[in-house]
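# Structure assessment
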Amino acid sequence: MTKDIDIFHQEKADIFLEGLKATPYQQIDDTGARVNGVNYYTEILCNPPTFHSKFS
């Protein structure tokens, strides 16, 4: 299930870049959470036509 997924990462990157070009502004936000003693964070980048998130 996790083999040969590079094409999907490239597609996600392409969609992200096109979304940045689609409008003159973007909004970004982040938040953190601690789960079982491990710190995680989420970044959200959005504009009217698109939404992008990154979970770490």
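Worth saying up front: this structure is predicted, and the values here are computed from it rather than measured.

## Points about a nonpolar patch on the surface
- A surface patch of nonpolar side chains, about 250 Å² in accessible area, is lined by Val 35, Val 38 and Tyr 40.
- If you trace the backbone, Val 38 turns up in strand β2 (residues 38–47).
- Overall, the relative accessible area of 39% leaves Val 38 in the partly exposed class.

## Remarks on the pattern of salt bridges
- In this structure the tally under the stated criterion is 1 salt bridge.
- Across the salt bridge formed by Glu 18 and Lys 21, the nearest N and O atoms sit 3.0 Å from each other. Placement of the pair is Glu 18 and Lys 21 together in helix α1 (residues 6–22), with a separation of 3 residues, close to one helical turn.

Conventions adopted
- Residues take numbers from 1 onward in each chain, read along the sequence in its written order.
- Side-chain atom pairs in this predicted model are given and counted only at pLDDT of 80 or more, local residue features only at pLDDT of at least 70, and totals for whole chains, interfaces and linings cover all residues.
- Side-chain calculation: all heavy atoms of the structure are included, whereas hydrogens and water are not.
- In this scheme, patches are assembled from residues that exceed 30% relative accessible area and form no salt bridge. Like charges are connected within 9 Å, while nonpolar side chains (Val, Leu, Ile, Met, Phe, Trp, Tyr) are connected within 5 Å.
- Reported accessibility uses the Shrake-Rupley method at a 1.4 Å probe radius. Residues are deemed covered only where the shown protein chains occlude them.
- Definition used for salt bridges: Asp or Glu carboxyl oxygen within 4 Å of a side-chain nitrogen of Lys or Arg.
- Here a strand is any run of E in DSSP of at least two residues, a helix any run of H or I of at least four, and the numbering for each starts at the N terminus.
- Each residue's exposure class comes from its accessible area (1.4 Å probe, protein chains only) as a fraction of the maximum for that residue type: buried when under 20%, exposed when over 50%, partly exposed otherwise.

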